[in-house]
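One letter stands for each residue in the lines below.
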Amino acid sequence: MAPSTARSFDIVVFGATGYTGKRVAQELQSCGFKGTWAIAGRDQSKLERLATSLTGGGAPPAVVVADVSDPASLLHMARSCRVLINTVGPFRHWGEPVVQACVQAGTDYLDVCGEPEFIERVELAYDEAARTAGCYLASAMGFDSVPGDLLVEYTLSLFKPPARCTLVETALTIRGGSSGFRGHFPTFESAVLGFASAGELRKLRKEAEQVQRRGKVDLQVPGPRPPRQTGAVFDARLNAWTLPFMGADASVVKRSMAARVKAGEPAANVAVVFTLPSRFYLTLFQAYGFVFQFLASKPWGRDLLLRYPELFSNGMFTREGPSEQQMQATTFSFTAFASGYSTGAPEAPGQQPDMRITTRVSGPEPGYIACSIFITQAAITLLEERQHLGQPGVHTPASLLRNTTYIDRLRSRGIRFEQVASAAM
């Protein structure tokens, strides 16, 4: 069954008075959305002040009071809307009660989580229940992992049958202005907690394989398998140093590829890295990374990291978050180097790919401005293009939205998806 059209609101933004939630609420107010919506959180007075402060046209949103420690309030919130956007993290602490409420209410759920353990635990625990309830659940609908996941999907679509893409190498580049790029403390906190619980993630993946809910899927990709990058490599195509990306993208894209195979469509091998512009920044990152890993592996070290995020991130993460000036001066791009075969597969053992395509997705500051665009447009797409979605259940961004006009909607909000001649910016 689909969420009832008789509900009070089309969309509710939960955690709207938080740093990310405010951005999401402002984007929804200013993007031209014509439906009904509300902002939700535990402090009614803060919500009311936020509602009246939003600019961009249209009536201010309604207010819904809900608290993650009060299951009844979460269920009431979930039952009031068709799509719920959750911005309350760290999700390993606060996310699951909201998911439970949405499944119980048959409400579509989207979040901005970039924590692989939470994302995969939701798939293991709630996929079947969401299918039964007729609702869609999708994490990583913010900067983690929409641009990386949808760029791969977009790139694969450029290989027209009988051609087939067999490898996509994606590289993230973030450029800050003169005052630098900054992130907010909860992102740093999630990284610390995620590193500390890496063992739990490994156990979770073994459990998923054992119950065959999300076992390993053979991607059936022809041709040579790419070598796995484990350390720093200078990439002349980007004129930058690259390192394996530590966010959720690799895990999310792998699940998207598995979903393609299950749907009877071709998948590709995918590698995800991020760039550093010089050996100086590489050395600086490696030094801070070594300290971070050492401290995050010990309880007293995690306490230090969380107490002094600015010190242990070279000023990149603060409790205040980025200033408006810093956000306006920051941009991101994901570049994808794709290769494949014009005939769909190598015609002889060891034959190298004979097709190469370079693509890019780019946009404004990724963590808050672009993130808000990604998740609000996803929510609107769920409302307006439900007939183009696949089976209800737990999805990745690409598996949920690949057959919709989502990429075109993002383009209309300033996110560029394009095929390019080279990696030069």
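Q: How do you make sense of the overall build of the protein when you look at a structure like this?
A: Across its full length, the protein holds 17 helices and 16 strands. Counting only C-alpha atoms and orienting by the principal axes, one finds that the protein spans roughly 65 × 50 × 45 Å. Within the span of the protein, comprising 425 residues, buried residues form 54% of the whole. Counted over contacts in the protein with a minimum sequence separation of 6, partners at least 24 positions apart contribute 79%. For the protein, the accessible surface area stands at approximately 19200 Å², while carbon and sulfur atoms represent 53% of it. Taken together, the 43 basic and 38 acidic charged side chains of the protein have centroids lying 3 Å from each other.

Q: Explanation requested: the packing of helix α5 (residues 96–105) against helix α6 (residues 116–133) in the structure shown.
A: A pair of packed helices is characterised by two quantities: the angle between their axes and the separation of those axes. The interhelical angle for the contact between α5 and α6, taken along N-to-C directions, is 10°, at an axis separation of 10 Å. By the criterion of interaxial angle, the relationship of α5 to α6 is roughly parallel. Counted together, E96, V99, Q100 and V103 of α5 and F118, R121, V122, Y126, A129, A130 and A133 of α6 form the full contact between these two elements. Tallied by class, residues from the contact of α5 with α6 come to eight nonpolar, one polar and two charged.

Q: Explanation requested: the side chain of R260 in the structure shown.
A: Structurally, the position occupied by R260 is in helix α10 (residues 249–262). R260 gets classed as buried once you look at its relative accessible area, which sits at 8%. Once residues lying within four places of it in the same chain are set aside, the contact partners of R260 are E153, L156, E265, P266, A267 and R402.

Q: Help me out: how do you make sense of the environment of Q419 in this one?
A: Inspection of the secondary structure assignment puts Q419 in strand β16 (residues 416–420). Sequence separation of Q419 and T335 is 84 residues, and the distance between their C-alpha atoms is 9.7 Å. Discounting chain neighbours no more than four positions away, the residues touching Q419 are Y154, L158, I357, T358 and T359.

Q: Sorry if this is basic, but what is going on with the packing of aromatic side chains here?
A: Each aromatic ring pair is summarised here by two numbers: the centre-to-centre distance and the angle between the ring planes. Per the stated rule, a full pass over the model turns up 14 aromatic pairs. For the pair F280 and Y281, a centre-to-centre distance of 5.2 Å together with 80° between the ring planes defines the contact as edge-to-face. Between F332 and F374, the ring centres sit 6.3 Å apart and the planes meet at 75°, which makes this aromatic pair edge-to-face. Here F332 is found in strand β13 (residues 331–341), whereas its partner F374 is found in helix α15 (residues 366–384), with 42 residues between them in sequence. Judged on exposure class, the residue F332 and its partner F374 are both buried.

Q: I keep staring at the sheet that holds strand β14 (residues 355–364) and nothing clicks. Help me out?
A: What links the strands of a sheet is backbone hydrogen bonding, and the strands pair in either a parallel or an antiparallel sense. An order of β9-β10-β11-β7-β13-β14-β16 is seen for the seven strands of this open sheet, with the pairing classed as mixed. Bordering the open sheet on either side are β9 (233–235) and β16, each of which pairs with just one other strand. On average, adjacent strands in this sheet sit at an angle of 30° to one another, irrespective of strand direction. In this structure, β14 lies alongside β16, joined through five bridges in antiparallel fashion. Across the sheet, R360 pairs through a bridge with E418, a residue of β16. Against the sheet, α15 contacts β7 (164–175), β13 and β14, and its axis sits at roughly 105° relative to β14.

Q: Looking at this model, I keep getting lost on the pairing of β14. Mind explaining?
A: For a regular strand, side-chain orientation follows a simple rule: the groups alternate between the two sheet faces. With seven of 10 residues buried, β14 lies mostly within the body of the structure. Of the pairings in the sheet, the one linking β13 to β14 comprises 10 bridges and is antiparallel in character. Within β14, the position partnered with S333 by the bridge is S362.

Q: I'm lost on the packing of helix α3 (residues 71–79) against α5 in this one. Help?
A: Close contact between α3 and α5 brings their axes to 8 Å; oriented N to C, the two are set at 50°. In terms of their interaxial angle, α3 and α5 are classed as oblique. Crossing hand, α3 versus α5: right-handed. Residues L74, L75, A78 and R79 of α3 touch α5, and the partners they reach there are P97, V98, A101, C102, Q104 and A105. Considered class by class, the residues forming the contact of α3 with α5 number eight nonpolar, one polar and one charged.

Q: Teacher, can you tell me more about unusual backbone geometry here?
A: With the exception of glycine, most residues fall at negative phi, and the peptide bonds are largely trans. Cis geometry is found at the peptide bond from G89 to P90, where omega equals 0°. Take P90: it is sitting in the loop between β4 (81–86) and α4 (91–94). Put simply, P161 and P162 share a cis peptide bond, and its omega is 10°. Within the fold, P162 resides in the loop between α7 (146–157) and β7. For A140, which is not glycine, the phi torsion reads 60° and is therefore positive. Inspection of the secondary structure assignment puts A140 in the loop between β6 (136–138) and α7.

Cut-offs applied
Along each chain, numbering runs from 1 in the same order as the chain's sequence is written. Restriction of local features to residues with pLDDT of at least 70 applies here, the model being predicted, together with a cutoff of 80 or more for giving and counting side-chain atom pairs; totals for whole chains, interfaces and linings are based on all residues. Side-chain measures here rest on the full set of heavy atoms in the structure, leaving out hydrogens and waters. Labels follow the DSSP assignment, with helices taken as runs of H or I lasting at least four residues and strands as runs of E lasting at least two, numbered in each case from the N terminus. Categorising residues by exposure relies on relative accessible area from a 1.4 Å probe, with only protein chains included: less than 20% of the type maximum marks a residue as buried, more than 50% marks it as exposed, and the intermediate range marks it as partly exposed. Here a residue-residue contact requires only that any non-hydrogen atoms of the pair lie within 4.5 Å. Values of accessible area rely on a 1.4 Å probe in the Shrake-Rupley scheme; residue burial ignores everything except the protein chains shown. When charges are counted, Lys and Arg contribute as positive and Asp and Glu as negative, whereas His and the chain ends are disregarded. All charge positions are set by atom: Lys at NZ, Arg at CZ, Asp at CG, Glu at CD. Fitting a line to C-alpha atoms yields each axis, with helices limited to the stretch in contact; the angle taken between N-to-C directions then spans 0 to 180 degrees. Note on angle classes: values under 35 degrees are labelled roughly parallel, values over 145 roughly antiparallel, values of 65 to 115 roughly perpendicular, and the remainder oblique. Asp, Glu, Lys and Arg are counted as charged, while Ala, Val, Leu, Ile, Met, Phe, Trp, Tyr, Cys and Pro are counted as nonpolar; the rest, among them Gly, fall into the polar class. Ring pairs are drawn from Phe, Tyr and Trp, using the six-membered ring of Trp, whenever the two centres fall within 6.5 Å, and their geometry is named by plane angle: stacked under 30 degrees, edge-to-face over 60, tilted for the rest. The pairing criterion for strands is at least two bridges between them, as found by DSSP. Each crossing gets its hand from how the near helix is turned against the far one by less than a right angle, where anticlockwise is left-handed and clockwise is right-handed.

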